[in-house]
Each structure stands twice: as structure tokens, then as C-alpha cells.
Amino acid sequence: MAPNVPVKNIHGAELKLSEVKVGVIFSCLPNNWVCFPITMELRPKCDGMPKESSPFINNTDNDKGNLYDGKNMALFEEEMDSNPMVSSLLNKLANYTNLTQGVKEHEEADDDEGPSPALGTLIGVYLPCLQNILGVILFLRLTWIVGTAGIMESLAIVVMTCSCTMLTAISMSAIATNGVVPAGGSYYMISRSLGPEFGGAVGLCFYLGTTFAGSMYILGTIEILLTYIVPSAAIFKAEKKEDEAEALLNNMRVYGTCCLTLMSLVVFVGVKYVNKLALVFLACVILSILAIYAGVIKTAFEPPDFPFFVCQIICLLGNRTLQNHNFDQCLKTMEVDNVTVTTKLWSLFCDSPDLNATCNEYFTLNNVTVIQGIPGLTSGVIRDNIWGDYGPNGMLVENKHQASEPAADTSQDIYMPYVANDITTFFTLLVGIYFPSVTGIMAGSNRSGDLRDAQKSIPIGTIMAIATTTFICIFNDSNNSPAIQVFGDSVKGNLVIGILAWPSPWVIVIGSFFSCCGAGLQSLTGAPRLLQAIARDGIVPFLQVFGHGKANGEPTWALLLTGGICEIGILIASLDAVAPILSMFFLMCYLFVNLACALQTLLRTPNWRPRFKFYHWALSFLGASLCLSLMFISSWYYALVAMLIAGCIYKYIEYRGAEKEWGDGINGLSLNAARYALIRLEEAPPHTKNWRPQMLLLLNLDSDHAVKHPRLLSFCTQLKAGKGLTIVGSVLEGTYMTKEAEVKKAEQNIKSSMTTERTKGFCHVVASSNLRDGFSHLIQTAGLGGMKHNTVLMAWPGTWKQSNDPVSWKNFIETVRETTAAHQALLVAKNVDSFPTNTDRLGQGTIDVWWVVHDGGLLMLLPFLLRQHKVWRKCKMRIFTVANMDDNSIQMKKDLQMFLYHLRLDAEVEVVEMHDSDISAFTYEKTLVMEQRSQMLKQMQLSRTEREREAQLIHDRNTASHAALNDKADAGPDRVHMTWTKDKFLTERNRNRAEANMGVRDIFNMKPEWESLNQSNVRRMHTAVKLNEVVVNKSQGAHLVLLNMPGPPKNRGGDENYMEFLEVLLEGLNRVLLVRGGGREVITIYS
């Protein structure tokens, strides 16, 4: 450039030559094969201004300066307000910090971002589950259950309950890995899977179960305190043996109420301290378990020498077990200084300590014997304790293998120091009492908001915790004596499992005490938050007051209600009576977790894509059936009461009108129901999770009213797989009065084609005065109530350029506009006749998705749906997105991979960089030809022959050499090709660049010819050419290419140009599906 040429920047300011960086890029025109400098890059050194993108130095085009800055994505610039560029949205999508339309109801994040979750599988799931499962029942009741039920029936109880929790954990893992589970855990999963009615009912049952669990843990804490640590602290003391049970219950009520008050104050004042102490409590549990194992191993090789361990011996009178609280030696008499004297045991059965005293008949007839309380694994205790020994309340505990002489008078037995049943025992009662020991499986899912990767941690941690605790319980089943009572009366009132421990029973006593304290605090911490979550959901109006709390969000009112309900359990005072109550509520919760998983699996909703693959609907149904069976096995009347409570809550929520829409499975199931379901569906649009393409298929018919493109029906079948709604529609031009017979014939032909192509749906043919109005009526009125289409599928008008009448492509563009106005998605299949049939089986190949703009996620949902069909099952999914000059392509790829991980989609990811390159001469020339042709057809009223001849002359003048080079002399005058193929374009561009030295024309000599072009059209053509080039380069061999469909121009004067842009965009591609979203989110990362 000459130094004296004035140079201006894009704002019109004159630049000095020293401030300008000059670069010349050579390009070529296809019509004269001469290369010349076409673009000058003018950019100040350091002012940060964008480079001049036009070949005209004084260009003042103002269409830039937005999200689509530059030329590369100009084809999509009119949609920038509603559909953001993927590159600008991807980072927020990957980190799910930008919740777009359709997922805002309940997933809205707090404005204040807290610290990122950091808990892993071990600390976040495995250990909390272990702490909750290995609790009060294991320490206080397992030995009694084994001693009463025997080893075989105890194993049956453990296997049944652990199978129930394992199956529930499998279902829960599937639900938990089906998207991001925010804080809320199991209640969130159930309510969002089964709807507000079931969610509210089961959520409140789960809350009641958690609250009564707090009562159970507090009662366990007091039982350990008063029975095994400080028995002298009892306030109420029994004067007679028959009053001991009532005195114990009163002590439990008083101390339990005090303990509840103290724990509630701790939770109210310092929840953070509860969480900090959780690991301390857990350490106590683990140490206690290890002490038990150490003791069992020790007894296997070295049985304890019971004279030195008084707490490890059992004293028998005949075959009856004695309470050894009040005597130290299991002897009637003993020698002291060669004198026979009576013992304390004698005084318990006789009226005086004298040898000639009157004694109980049974005491007189039978001798006392001593057996080991912990006989060891090699003693035959397993053989002797195979079967159970149930009995009524007050039945004496006897050793069936010991000989005895019965007494005639047994009326005084209840006043003697015998060990007797304190409750009536039977198998189903023991099931109800034992089940709470396996109810800690939700501890990990309840912490979902604190986990680093909940989708990975919840399945692994929960299942491993269940496997570990099942092994512990089964192992402990085999190491208990048949003569064991609840409170350790036969072993001097010691904790029965404690005498197993090594080195001291106090390890177990202290460990179990702190374990129960910690579990009680955790229940009082979790239950109010669960009630607060239910109240804030607003599904139960009278509970809304409990959604409020302190300024920091602590649920004060919910804590008060929880304490009140917990007090009811404490007033019951019996751990054995409270355990079956909470078993009912937890079993109902597990029942609906399994039901939710089975329902989602059978419905095959598009959003059901769990990362956890080891589930099956049959396992979920088995788990649900087992839960229901255990409810009635444990207590049929408690089961009926729990179901009645849940049913009343369900009907109340339904009566008050649950206005929440959570994308639940029940609502998805209602699509297949009749009037009631239609009315429900019409009340509100479906949730994002339930969204699936409900298809309106627009068919073209030939002169015989047969389907022109039957492969379009095949593709619809493959996409739908028989699920959801399909309406096949077509239009006949005319009135219904004159076209009635033809309409019926067309319907029969369409139904026949639908049967051939296995398309399940409805057929609807209408007669209209013109095709445009007919298709408009179908789009507006097809469907009924909630059974209404949300997606339109149609074929690309392949002959639009050869059509004598522009009505064909104008109808196509108007259909695009009307689907956009109706907020319906649009799918346009190009080269549809080459699509596979239902009998084809595509081999290894790819379905390529070109995600340019985000318009709801339909582009990513469609390949997933297609791959469910056997035709496309072996195809892999690849996702391409476009990075512009200012985008970080490496970070974009990471963000896209993270986003796909949250969506549970398996796909290869590639980010294609489209630099802001200069507009080529080829682009300008194609734009010039397009505008000349368009202007000619608009202004010249020519006959058909004259119009074709004139168009051919324009085309020949601009592409003569190009046509000659490609042997196109045989092209007829009635066929005008206005676009290039990829091969032709690449060949000529390389040839022209090779001949760049043939001559140079001054750029200013071309300015008058190109200045008349609409620069907006130039940029759009540039987008089409560049995007087509990268798509063909990457996806020419793909089985199917899915691409964002640019919207039509707002100015109808450019409709023909719009068709030309799309034609250029799709050149060189075989099977293409243009996708245009309906303006709402159709895919979500949430469960």
C-alpha cells in the first residue's frame, strides 16, 4: 500500500502508517481464475480494537458487536436473544450453575455460594452408613434375638432384612445416579420420582420414622446407663420382683425426657459440634466391633476360666437359669473351716439360712450347676442353638439339654430369682425389633449435597456398608448362648455382648453408650431438616410454619415438633415396642424407593439414564414386595396404621391441589390413561424430566395419494420406539365436501404405510383451500388435551430450486415460522430416502451432533433416543461444538465433558476451532449470484422458458469455467445448479491458489461490484460456507448428522436467500437432521 493512502479504522478515525499493521491475503474468483489481494487487516498495535472484517476499508456495517461478534456465526445472529452460543454457555452448564428454563422450580441454587462439596465415598457415605447400621439393636438386642430364635431363624431374619436393604440400595443407587441429587437425599429422590402426593405422604412417613428412631436411640442410651453403667441412679426402685418391669419403664421415661431435652438443646445451639462429634462416635462403634471380634477369636483358642470371670458364668438350678445379681457363688452350701454353711443362694429359696429350713420344692429336688456364658466356638454351642425357643411373657428360660426334676407346685415360681421372658416372643416380633438395625442405608444419600461426586459415592459406599454389616451380623449370630435374657440377668446384669469383648467388657459398654448418643443426636439433627424441606416444598399447607427457622436457616419450629413427637416414643418407654413402629415407616419409605425405580425403568422416560447399571425392574419389584411383606410380618396392625396415615396424607395433598410439577413417574404414566389423566396433563406442561418428542409428522402425498417418503415414517418409529404420541398428518388441497373420498383414501394409504413401517400412532388428513393453511391448522389443533404434540417432523423440500412455483419453499419457511411461534420443536430430515429402514442394522459408525447454539438440549436427547432402537444401537455418539477466536477450546472441551457426565450421556467430544478468517472471494461470488437470481425472479415477469433461460445465462456467466472443468455440459437447460459441491469447491480453490501468480487485480477495481451486496447476506453465506466446510471434513462418513437449524429471516423478503443458505450449509452431507428447539429445556442434569 502506498504511504500517502489515507487509512481509517472501523470507527472512522484516521490512522498513521506507523500505527497500522498491514497484511495482504490472496484469494481467487471462480469465474476468471485470477488471484488478487482481497482483504487488508487493519489493526492498531495496542488499542484492542477488533480487526476490519470487510474488504471495504470504509465499511460501517453495524450488525456486529453482540454475542455473534464477527462473521463465523452470522447465520444464527437473529436468534441470539433466545438461543445463546454454546461457547458462552458451556462453562455454566458443565458446572450446573446456570439453571436454564424448565429446571428452576425447585433446583434454584442459593445466591450465596458456599464451599464446594468435598466428602468422598469413605467419609461421606460408607462410614455414616456403618455408624447408623451398627447401633443400638446390635449391642442391646442381637444376642437376645439369637438366643430366642436360634441360629437358623436368626439367619433368616438377617437375610430377609439385609436382602430388603440391599435391593433398596440398588434401586436407590439407580435413582441417585440418574442426575445430580441436591441436598434432600432420599425424600428428594422419592418425591421427584413419584410426584407431590406420594412424595408428601412418604416424606412425612420417613420423617416420622427418623423421629421415632431418635426415641429408640435415646431409650437405648438410658437402658445402657441405668442397667449396665450406674444401676444405682434409678429413681424408681422395685420392692418386689414383679414390680421391676414397671419401675424400669418409669425410670426410662424420666431419664429419657431429660436426655431428649439436653440433646435438643445441643442441636439447637450447636449443630456444627454434632457433626464434629460424629467421627468420635463412629470411632467408638468401630473400636467396639473390633473388641467383639478380638474376644470371639480369643475364646476360640482359649475359653475363659469362669471362676475368675464371674460375669461370664451362668448358674442353673436344674435346667432353669438363675438371676445372679444377689449371690456370688453358684452353690447351695459350702465348707468353711470344716463347717457346712448355707450361701446367699440358699436364702433366696428358703425361709431361713439354717440347714433345716423350709425351701422351695424345685430348689430341694434339683442341684445347681455352672456353665460358661461364653463357651467358645468349639464347645458345640452352635449345634445346641440351631432352633429357637419362643414363649409367652413370664415363661422361664430353661436349658433343654440339662436334666431336672419337676416340682408339683409352681405357683411360687414367679417370685423366685429365675430368668423369665419379659415379653411374649414370636418370630414376626423379632423381625420388627431387628429391622431398625439395618435402616441406616439412607445416611449416605441424605448427605448428597455434601458429596464430591454423589453419583459415584452413594452406590459404592451404601452397598459396601450393607455388605460389611451383613457379614458382621451373620458372624455374630453364631456366637451366642441359648440361655440369654434381654438385660443380662444371667450374667450378673452385664451387657451380654460386652462379655465377649477383649480386653474388657467396658469397651463395649462405653462404646455402645456413645454410639446411641451419637445416633440420637444425628436423628434429632436430620429429622427437623427433613420436615423443613417438606414444609418449604409447600405441598402440605398446614406444615408451612415449620419451614421457617432462625436467621441462619436452622429449623427451630421443626425441632420443637420433632422433640414433641420424640417424647411420645420415650413415654412408650420400651425399646422393643418402639422398634416396630419405626420399622413400619422405614419399610414404607424403602417400598416407594423400589417402586420409583421400577416405574421409571418400565416407563423408559428419556430422562431415565442412571450411571449405575446393575439394576433391573424385576429386582426393584422384588425389593418392593419384600418391603410390603416385612411390614405385615412385623406387625399387620402397625402396617395398616402406617398405610392409613400415608393414604390420608396422599388424599389431603390431592384434595388441596398439589401445584408442584417435579417430572414424576406417575405423571409420565398418566400419558397412557384416559380422561382423568388427560385432564391432569392439561393443567400444566410436562416437566423437563418427562419431556419426550410427541411427534406431529407432516407427510407429502403423490398424485395417487400415496406417501412420498415412507422412510420418514421409519425414522419416526426408530426415534419413538413406540413410546409417547405420534400423529401423522397430511393436507389435500380443496374443500372437504369435494375431497371427502380422497381424504379417506389418503388416510387408508397412510395407515397402510404406518403398519408397514411399524409406526404406532394416529393418522389425520385434512382438506384445506391451500396447503399452507392446512399445515398451519394441523400444527395448531392436532392432539387432545395433554396428548398434544410438541415436535414437528418433516422432510426437506429437495426440489425447491426446480419447482415452477415458489409456493413449495414458501410453505416450508412458513411452517418453520409457525412451529417457532407455537413453541414447538422442528426436525427437518434431508435426503430422507437414504435413511435406514427398520430392518437395517447399522454397523460401527457415529451419530454426529453439531451443537452450535443452545436451544433446549434437543440435539443431545435425540441421539440417545435413536440409540435405544436396534437400527442405531451400535452407533457411537459424537458431539462437536464450535469455538470462536476468543474462546478457550481446551476449557470448552472439559466443560462439555463434565456437562455430558452430569447428563449421563456417553459421547466423544471435540471442539472445532473456527477462526475469524477473511471472507473468501468464493463466498462473495456465491452471494452475488444468489442476489442476482433472487432479484431477477422477483422483478421480471417472464414465462417459464424465458425465466429458466435467463437464470441459466447468469449462472453460465459466473461458473462457465467451473462447469467445463467438471464436465457439466450435459446439464439440461431446465436444471439450474446454484451451489457447489465440496469436491468441486476444494478442487477449484486449490487450483486457483496454485495459479496465484497469473495476475493481480487491484482490490479497488472490484469495489463497485461488491459494494452493492447486502453485507448481512455476505456474512450469512460466509457462516454457511465455513460451517459446511468443517462439518463435511469431520462428519462426511457419519451415519447421521444432527445440526442446529438457523431460524428464517424476520424480513420475509429474504426467504429465498434463507433457502440458499441452508442448501450451502448442507452440501456434501448424506443423512442430515436439522433440529430447531421449541424454546424450553428438554434435558436436565437433575434426578
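To start, this report covers the structure provided alongside it.

Rules used throughout
Residues numbered from 1 in each chain as written. Predicted model: local features only at pLDDT ≥ 70, side-chain atom pairs only at ≥ 80, totals over all residues. Heavy atoms only, no water. Pairing = 2+ DSSP bridges. Helix = DSSP H or I, 4+ residues; strand = E, 2+ residues; numbered from the N terminus. Buried < 20%, exposed > 50% of the residue type's maximum accessible area, 1.4 Å probe, protein only. Axes fitted to C-alpha atoms, helices over the stretch in contact; angles between N-to-C directions. Contact = heavy atoms within 4.5 Å. Disulfide = S-S within 2.5 Å. Phe/Tyr/Trp six-rings, centres within 6.5 Å; stacked < 30°, edge-to-face > 60°. Lys NZ or Arg CZ within 6 Å of the ring centre and 35° of its normal. Expected span 1.5 Å × (residues − 1). Bend = angle between axes of the 7 residues up to and from the residue. Patch = residues over 30% accessible without salt bridge, like charges linked within 9 Å, V, L, I, M, F, W, Y side chains within 5 Å. Areas by Shrake-Rupley, 256 points an atom, 1.4 Å probe, with all protein chains shown as cover. Salt bridge = Lys/Arg side-chain N within 4 Å of Asp/Glu carboxyl O. Lys, Arg positive; Asp, Glu negative; His and termini not counted. Charge placed at Lys NZ, Arg CZ, Asp CG, Glu CD.

**What about the sheet that holds strand 11 (residues 368–372)?**
Pairing within the open sheet is antiparallel, and its three strands lie in the order 8-7-11. Strand pairing shows two members of the sheet lacking a second neighbour, strand 8 (320–321) and strand 11, which therefore form its edges. As defined by bridge partners, strand 7 (residues 313–317) adjoins strand 11 across five bridges and the pair is classed as antiparallel. The residue of strand 11 that forms the bridge with cysteine 315 is valine 370.

**Section: the pairing of strand 13 (residues 726–733)**
Of all eight residues that make up strand 13, seven are buried, and the element is covered over most of its length. As defined by bridge partners, strand 12 (residues 695–698) adjoins strand 13 across four bridges and the pair is classed as parallel. Its bridge partner lying in strand 13, leucine 698 is registered against glycine 729. As judged from the seven bridges shared by strand 13 and strand 14 (residues 762–768), these two strands associate in the parallel manner.

**Overview of the sheet that holds strand 21 (residues 1072–1076)**
One open sheet holds the 10 strands; their spatial order is 14-13-12-15-16-21-20-17-18-19, and the pairing between them is mixed. Each edge of the open sheet is held by one strand with a lone partner, namely strand 14 and strand 19 (908–913). Each strand axis lies, on average, 20 degrees off the axis of its neighbour in the sheet, ignoring direction. Of the strands in this sheet, strand 17 (845–851), strand 18 (875–883), strand 19 and strand 20 (1040–1044) are in contact with helix 30 (residues 1015–1035), which crosses strand 17 at around 160 degrees.

**Examining the state of the cysteines**
Considering all chains together, one arrives at two disulfides under this definition. Residue pairing for cysteine 350: its cysteine sulfur links by disulfide to cysteine 359, the two sulfurs lying 1.7 Å apart. An S-S torsion of about 105 degrees defines the bridge between cysteine 350 and cysteine 359 as right-handed. Given a relative accessible area of 10%, cysteine 350 falls into the buried group. You can call cysteine 359 buried: its relative accessible area is 19%.

**Some words on the packing of aromatic side chains**
On inspection of all chains with the given rule, the structure shows 20 aromatic pairs. Ring centres of tryptophan 617 and phenylalanine 621 lie 5.9 Å apart, and the angle between their planes is 85 degrees; this geometry places the pair in the edge-to-face category. Highlighted residues: tryptophan 617 and phenylalanine 621, both in helix 16 (residues 617–634), separated by four residues, approximately one helical turn. Above the plane of the ring of tyrosine 418 lies arginine 320, whose end atom (NZ or CZ) is 5.1 Å from the centre. Lying over the aromatic face of phenylalanine 864, arginine 609 brings its terminal NZ or CZ to 5.1 Å of the ring centre.

**A short note on helix 2 (residues 121–133)**
Structural remark: α-helix, 3.6 residues per turn; residues separated by three or four positions point the same way. Counted at 1.5 Å a residue, the expected span for helix 2 with its 13 residues is 18 Å, and the 17 Å between its end C-alpha atoms agrees. Residue leucine 127 marks the point of greatest curvature in helix 2, where the axis turns by about 25 degrees; the proline proline 128 follows within four residues. Those residues of helix 2 not exposed but buried are Gly124, Val125, Tyr126, Leu127, Pro128, Cys129, Leu130, Gln131 and Ile133.

**What to know about a nonpolar patch on the surface**
Taken together, the side chains of Leu628, Phe632, Trp636, Tyr637, Leu640 and Met643 define a hydrophobic patch exposed on the protein surface, amounting to about 590 Å² of accessible area. Mapped by element, the contributors of at least two residues to the nonpolar patch are helix 16 and helix 17 (636–656). It is helix 17 that provides the largest number of residues to the nonpolar patch, a total of four residues. By secondary structure assignment, the location of leucine 628 is in helix 16.

**Digging into the pairing of strand 9 (residues 333–336)**
On any regular strand, side chains alternate: one points to one face of the sheet, the next to the other face. Relative to strand 10 (residues 339–342), strand 9 runs antiparallel, the two sharing four bridges. Bridge assignment links methionine 334 to a residue of strand 10, and that residue is valine 341. The turn joining strand 9 and strand 10, which pair antiparallel and follow one another in sequence, is formed by two residues; a positive phi near 55 degrees is taken by aspartate 337.

**Brief notes about helix 30**
Compared with an ideal rise of 1.5 Å per residue, which puts 21 residues at 30 Å, helix 30 spans 29 Å between its outermost C-alpha atoms and is within 8% of the ideal. Burial analysis of helix 30 places 17 of its 21 residues in the buried class, the great majority of the element.

**Structural notes on the pattern of salt bridges**
For the coordinates displayed, the defined rule picks out 11 salt bridges. Among the ionic pairs, lysine 739 bridges to glutamate 742, the shortest N-O distance being 3.4 Å. Pair noted here: lysine 739 and glutamate 742 are both in helix 21 (residues 736–756), with a separation of three residues, about one helical turn. Taking the relative accessible area as the measure of exposure, glutamate 742 reaches 27% and is therefore partly exposed. The residue glutamate 814 makes a salt bridge to arginine 817 at a minimum N-O spacing of 3.0 Å. Here glutamate 814 and its partner arginine 817 are both found in helix 23 (residues 807–821), three residues apart, which amounts to about one turn of the helix. Classification of arginine 817 as buried rests on a relative accessible area of 14%.

**Details of a negative patch on the surface**
A cluster of acidic residues, Glu239, Glu242, Asp243, Glu244 and Glu246, forms a negative patch on the protein surface. With respect to the helices and strands, glutamate 242 occurs in the loop between helix 5 (185–229) and helix 6 (244–269).

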